[in-house]
Amino acid sequence: GTGTASINSTGLLSAITNGTVTVKATSVSTPSINGTLVITLSNQDILVESIAVSGAGSAIAISTFHGTLQMSALVLPANAADKSVVWSIIPGTGTASINSTGLLSAITNGTVTVKATSVSTPSINGTLVITLSNQDILVESIAVSGAGDAIIINVTAGTLQMSALVLPIDAADKSLIWSVQNDTGMASITQAGLLTAIANGTVIVTATSVAVPEVFGSIIITISNQVVVSPIETVNLGLAGDFIILAKAGISATGVTIITGNIGVSPVAATYITGFDLILDSELHFATSSMVVGNIYASDYLDPTPAYLTTAVSDMEAAYTDAAGRAANYTELYAGDISGKTLYAGVYKYGTDLLINTDVVLSGSATDIFIFQIAGKLTLANGINITLTGGVLASNIIWQVAGTVAIGTGSHFVGTILAQTDITVATNAVIDGRLYAQTEVTLDANIVG
């Protein structure tokens, strides 16, 4: 019939598969005589006992954007009557979809659990955890604009808030890096996209995707009516220019300090130069030290040293007055905190302290002059660098400071400091320039020169 069964000599019928069978009893003595009965057999299928889920090639991850993975199910025993399964996803930290044939499609990063459930025996299932990566929706384009669609700044030191349309809208990481490239004009920009005009002309503002750096957007901004910086004369150092370090009240050093150039003190005596292990020359005009590539002068050495130092100190003070008296091109720019800024040639005037907490760039040419007039203190934080670009020379940078000067540990300072009080250079800081103090200079394992 449609089913199968067996029967023994005593008439014990044993079912094998579902369906119907006809049982026949035949007379031994009269074989032509028999009787039959149709028997229905049910619930005889071999049931599913276990399911093991795997990915093609034993893969347990999808790492391509919106990639797929063919899943398979090993259903046991091998002769189970109904080995069909239903595929589903157990939510995890990621998301995915799966079709009726077990094709898994990644949607978002994370993990999902793929489940195969027996159709004939729903209590039996198998699972496998799949890791999904690189599924973020990426930035494809960036369009840059100014507030109110502005493409010009025509107010002195004016600002323009830049914005960027990042597409697609549902991109996972829409963060940007703002930058400005000076063309015929000059400007600076914050990482919030605030553009500040510096000099007339055009600049190119660019917003670059953090997640996909090769995707960016740019716009040309025209700047007008800015302060025109006339050529600035250098500050004449006179005989003070013969010295890398010059102080009126003393120079002290701890640790291994290397100074390239002459140093001197006046009107104080050589005893106010400490930490150098001075070796007086045979004619008593100057001293030397293993820490100084140059000569060391003090007011109590023999002539002509005292007069030489007096003139040098006088020239140092005159240079301070000269720098302080220059007409300012920029007043209180960035409210006394130039951290992270790029500055261009000019005279910068500050009626308060000047703070540098992150790296600063001074950009220009070899003939450009920078003068910083600081009524308060000058502080360069630990590990901070002043960087020159475009050919700017350290000798053309003047820091005129009425208050104290503090150069932080491991920092790199550039330019000539004309200090009305003291200069302190912390451990391992490097000075590419000169230190002139109307009180004292304190060093600690530095490189100066």
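Draft legend 1. Representation of the sheet that holds strand β12 (residues 125–132). Spatial strand order, β6-β12-β11-β8: 4 strands in an open sheet with mixed pairing. Both edges of this open sheet fall to β6 (61–62) and β8 (85–90), since each of them pairs with a single strand only. In terms of strand pairing, β6 meets β12 through 2 bridges, oriented parallel. Across the sheet, Ile62 pairs through a bridge with Leu132, a residue of β12.

Draft legend 2. Main features of helix α1 (residues 305–325). With 21 residues, α1 should cover 30 Å at 1.5 Å per step; its first-to-last C-alpha distance of 30 Å lies within 8% of that length. Listing the buried residues of α1 in full gives Thr305, Leu309, Ala312, Val313, Met316, Ala319, Tyr320 and Ala323. Considered in projection along α1, the buried side chains sweep an arc of 115° and stay on one side of the axis. α1 presents Thr321 and Gly325 as exposed residues on the side facing more than 90 degrees away from its buried surface.

Draft legend 3. The nonpolar core, seen in detail. Grouped together as the largest cluster of nonpolar side chains are 61 residues, with contacts concentrated most on Ile245, Phe276, Phe372, Trp399, Leu435 and Leu443. Element by element, the count of residues in this core is highest for strand β39 (residues 412–419), at 4 residues. Dropping the residues within four chain positions of it, Phe276 is found in contact with Ile251, Ser252, Ala253, Ile259, Ile263, Ser289, Met291, Val292 and Leu443. Residues Val166, Val205, Val215 and Ile221 belong to the second largest nonpolar core, which totals 22 residues.

Draft legend 4. Quick peek at the pairing of strand β5 (residues 50–55). Here β5 shows one buried face, formed by Ile51, Val53 and Gly55, and one open face, formed by Ser50, Ala52 and Ser54. Alignment of β5 against strand β7 (residues 68–76), held across 6 bridges, turns out to be antiparallel. Bridge pairing in β7 places Ser50 opposite Leu76.

Draft legend 5. View of the sheet that holds strand β40 (residues 423–425). Strand order in the open sheet formed by 7 strands is β25-β22-β42-β40-β38-β35-β32, with parallel pairing between adjacent strands. Where the open sheet ends on each side, the last strands, each with one partner, are β25 (273–274) and β32 (354–356). Examined bridge by bridge, strand β22 (residues 250–254) and strand β42 (residues 440–444) share 5 bridges and lie parallel to one another. Considered in β42, the bridge of Ser252 is made with Thr442.

Draft legend 6. Summary view of the environment of Asp432. Mapping Asp432 onto the fold places it in strand β41 (residues 430–437). Exposure remark for Asp432: the relative accessible area of 31% places this residue in the partly exposed category. Note: C-alpha distance between Asp432 and Val414 (18 residues apart in sequence) is 4.7 Å. Discounting chain neighbours no more than four positions away, the residues touching Asp432 are Ala394, His412, Phe413, Val414, Gly415 and Gly449.

Rules behind the numbers
Residues numbered from 1 in each chain as written. Predicted model: local features only at pLDDT ≥ 70, side-chain atom pairs only at ≥ 80, totals over all residues. Heavy atoms only, no water. Pairing = 2+ DSSP bridges. Helix = DSSP H or I, 4+ residues; strand = E, 2+ residues; numbered from the N terminus. Expected span 1.5 Å × (residues − 1). Buried < 20%, exposed > 50% of the residue type's maximum accessible area, 1.4 Å probe, protein only. Arc of directions from axis to C-beta. Core = buried A, V, L, I, M, F, W, Y, C linked by side-chain atoms within 4.5 Å. Contact = heavy atoms within 4.5 Å.

Honestly, that's just the spatial picture; any functional story needs more than this.
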